Amino acid sequence: MPEVFRSAVFEIIAVGIAAAVLAMWGYIAQLWPLQSAILYGLVAFTCLVLLRDRFWQASDNIRVKSWLEATGFSVQTRSREDQNVNFSYVVTDPQGVRVNVYQPRNTHMVVMQVAMIMPPDVMGIFKALTPPARHRFISNVKHELLRIGIGFDNADTLEPLLLTNQIVITRDTSEIEFLRGVFDVRNAGKLYAVLTDELKP
């Protein structure tokens, strides 16, 4: 059972128990007849559910993990040794593209990052290019990444090229919106692989 669904089930059960206790208390204390106690219990249950939906939401960690698992890709939890993050996952697709998904501490921003390591033979070809040719290649990579809205680091050396996407998790953030961000940075990694293949003779 997905963690976010399991959490919601437990909370509904807790709300039901609270409403039942209220109804039983009213009946045992002889404040209400049985029919009224049942009615008031149902009203209390409905009100508590509405209040839960209005003011409570699952944690970013639970929501993100549930969304990542919905992709069907391999999702591994990284250890909590890094005190600067709230959570960290590694998502690996069937083609072997690894996306690091983590949330810096004290924020609601989630970072999605792919580290692209150029194969040694291709890196040798890249380094053998003339400075103008290397500049043109790097400029083309930057242009293509910016065109699809993906950030990057180490673009001048490509050792490794870090592709980055970010999204701020709010109450209204949907699974589709979040996964679009994951797939965007994943596809940017594939785009970079295509661009580097063009260096081969």
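About the criteria used
- Residues numbered from 1 in each chain as written.
- Predicted model: local features only at pLDDT ≥ 70, side-chain atom pairs only at ≥ 80, totals over all residues.
- Heavy atoms only, no water.
- Helix = DSSP H or I, 4+ residues; strand = E, 2+ residues; numbered from the N terminus.
- Buried < 20%, exposed > 50% of the residue type's maximum accessible area, 1.4 Å probe, protein only.
- Contact = heavy atoms within 4.5 Å.
- Areas by Shrake-Rupley, 256 points an atom, 1.4 Å probe, with all protein chains shown as cover.
- Phe/Tyr/Trp six-rings, centres within 6.5 Å; stacked < 30°, edge-to-face > 60°.

In terms of regular secondary structure, the protein chain is built from six helices and six strands. Ordering the α and β elements of the protein chain from the N terminus gives α-α-α-β-β-β-β-α-α-β-β-α. For the protein chain, with 201 residues in total, the buried portion stands at 36%. Long-range pairs, those at least 24 residues apart, make up 52% of the contacts in the protein chain with a sequence separation of at least 6. Of the accessible surface of the protein chain, which amounts to about 12000 Å², a share of 60% is contributed by carbon and sulfur atoms.

Counting across every chain of the model gives four aromatic pairs. Arranged with centres 6.1 Å apart and planes meeting at 85°, the rings of Phe-73 and Phe-183 form a pair that is edge-to-face. With a gap of 110 residues between them, Phe-73 in the loop between α3 (60–69) and β1 (74–77) and Phe-183 in helix α6 (residues 175–197) connect regions that are remote in the sequence. You can call Phe-73 buried: its relative accessible area is 17%. Given the relative accessible area of 27%, Phe-183 is considered partly exposed.

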